[in-house]
Amino acid sequence: MNYEALAQQFWRDGYLVLEDFFEPELMDQYQELIVRHFGSSPAFLHTDEFLNKSATEVIPWFPQQEGQNAFDVAENDPRLTALTEALLGEGWYSLYCMTMFSRKGTKGQAWHQDCDPEESAARFNVNRLIYTDDIREEVGGQTLVIPGSHRRGTITVGEVNEEFDDQVVLTPKKGTLVMLHGHTWHRVRPVVGGYRVSTNYRCCPKGTPEDITDVCVYRNMRYKFETSSVVEDRLAGGGA
Ligand SMILES: O=C(O)CCC(=O)C(=O)O
Ligand SMILES: [Fe+2]
């Protein structure tokens with residue numbers, strides 16, 4: 001793998017897609033652990049206000065925080081470490097591994113940035129997303145990104161699920177790795193069949209505060225996960 005070329009592409013586009021990065025056997029093992037954890041239709045962990053306003057219905061699970069060591073294998077893959085280092089330089093660190101589950105009939109995720117470029121363009125997280133099963137047309141849940149949007153500052157105010165001319169639709173397969181800058185505008189399409197699973201090994205450059213992803217920016221609001229509250233209604237233009 002040419003890590004330097006991949007890093008250049010990442011810094012140009014704000015994301016990278018690497019197909020067949022992980023072995024199918026490892027993906028099957030993870031998929032089974034995730035589905036076993038969630039069951040087929042788990043209750044939602046977020047507040048109603050968040051679910052309604054953010055057009056997000058994703059349930060997180062942090063397996064490593066419960067001693068589920070199987071998830072260390074992908075994280076410790078030397079190619080992933082080398083790639084991350086090529087992107088972020090020395091001293092980068094892992095935040096957490098978060099699996100995300102969405103059942104049929106849920107909205108996916110509205111356009112957002114995981115952290116706010118307004119604070120500082122130099123402070124950001126990187127999502128290292130792995131897909132343990134194919135994202136399929138009949139299930140929905142494609143990941144949408146806007147190339148280069150990590151350099152455009154805070155996401156514009158507007159319709160939360162707008163279709164943009166320059167959006168790129170990602171339909172990752174089992175074993176695909178997506179590296180996604182936290183300031184890149186991204187969205188997940190509604191889940192129309194079955195269920196959708198993705199796993200995110202979040203990390204960030206040296207010196208980034210550990211709570212970098214606590215406030216997420218949507219086109220209609222800023223949302224703080226720690227307190228489960230809307231900290232700014234962007235449509236109203238004022239503080240909450
Ligand atoms: O599940 C995905 O494809 C993307 C989820 C997402 O927005 C994130 O992990 O920040
Ligand atoms: Fe995100």
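What counts and what doesn't
- The residue numbering used here restarts from 1 in each chain and proceeds along that chain's sequence as written.
- Chains and ligands are labelled by the order in which they are written, letters from A for the one and numbers from 1 for the other.
- Thresholds applied to this predicted model are a pLDDT of at least 70 for local features of residues and 80 or more for the giving and counting of side-chain atom pairs; totals over whole chains, interfaces and linings are not thresholded and use all residues.
- Here a strand pair is declared whenever DSSP counts at least two bridges between the two strands.
- In this text, helices come from DSSP runs of H or I with a minimum length of four residues, and strands from runs of E with a minimum of two, each type numbered from the N-terminal end.
- An axis is simply a line fitted to the C-alpha atoms; with a helix, the fit covers only the stretch in contact. Between two such axes, the angle follows the N-to-C directions and lies from 0 to 180 degrees.
- We call two residues in contact when their backbone-placed C-beta atoms lie within 7 Å.
- Residues are counted as near a molecule or strand when the C-beta atom, derived from backbone positions, lies within 6 Å of that molecule or strand.
- Side-chain classes are defined by residue name, with Ala, Val, Leu, Ile, Met, Phe, Trp, Tyr, Cys and Pro counting as nonpolar, Asp, Glu, Lys and Arg as charged, and the others, Gly among them, as polar.
- The burial criterion counts other C-beta atoms lying within 10 Å of a residue's C-beta, which is placed from the backbone; the residue is buried at 20 or more, exposed at 12 or fewer, and partly exposed between these limits.

**Student:** How should I be thinking about the sheet that holds strand S1 (residues 15-18) in this particular structure?
**Tutor:** Strands in a sheet are paired, the pairing made by backbone hydrogen bonds, and the direction either parallel or antiparallel. The sheet built from six strands is open, its strands ordered S1-S8-S5-S10-S3-S2 with antiparallel pairing. Only two strands of the sheet have a single partner each, and these edge strands are S1 and strand S2 (59-61). Put simply, the sheet's adjacent strands are angled 25 degrees from each other on average, direction ignored. Docked against the sheet, helix H1 (residues 3-13) engages S1 and strand S8 (177-181), running at close to 135 degrees with respect to S1. Sitting on the sheet, helix H5 (residues 78-88) touches strand S5 (126-130), S8 and strand S10 (195-204), and the angle it makes with S5 is about 155 degrees.

**Student:** So what exactly am I meant to see when it comes to the site of ligand 1 here?
**Tutor:** Every residue close to ligand 1 is listed here: Met100, Gln109, Asp114, Asn127, Leu129, Thr143, His186, Val188, Ser198 and Asn200. Elements with a contribution of two residues or more to the shell around ligand 1: S5, strand S9 (186-188) and S10. Residues that form the shell around ligand 1 fall into these classes: three nonpolar, six polar and one charged.

**Student:** Any chance you could explain the pairing of strand S12 (residues 221-224) here in plain terms?
**Tutor:** A regular strand carries its side chains on alternate faces of the sheet. Pairing geometry for strand S11 (residues 215-218) and S12, over three bridges, is antiparallel. Of the residues in S12, the one forming a bridge with Val217 is Arg222. Pairing of S12 with strand S13 (residues 229-233), which is carried by four bridges, proceeds in the antiparallel orientation. Paired with Met221 across the bridge in S13 is Asp233. Connecting the antiparallel pair S12 and S13 is a turn made up of four residues, with Ser228 showing a positive phi of about 50 degrees.

**Student:** What is the right way to look at the pairing of S5 in this model?
**Tutor:** With five of its five residues buried, S5 lies for the most part within the structure. Here S5 shows two buried faces, one formed by Val126, Arg128 and Ile130 and the other by Asn127 and Leu129. Of the strand pairs in this sheet, S5 and S10 are connected by three bridges, and their pairing is antiparallel. Counted as the bridge partner of Ile130 is Thr199 from S10. As paired strands, S5 and S8 are joined by five bridges and run antiparallel to one another. Among the inter-strand pairings, Leu129 is bridged to a residue of S8, identified as Val178.

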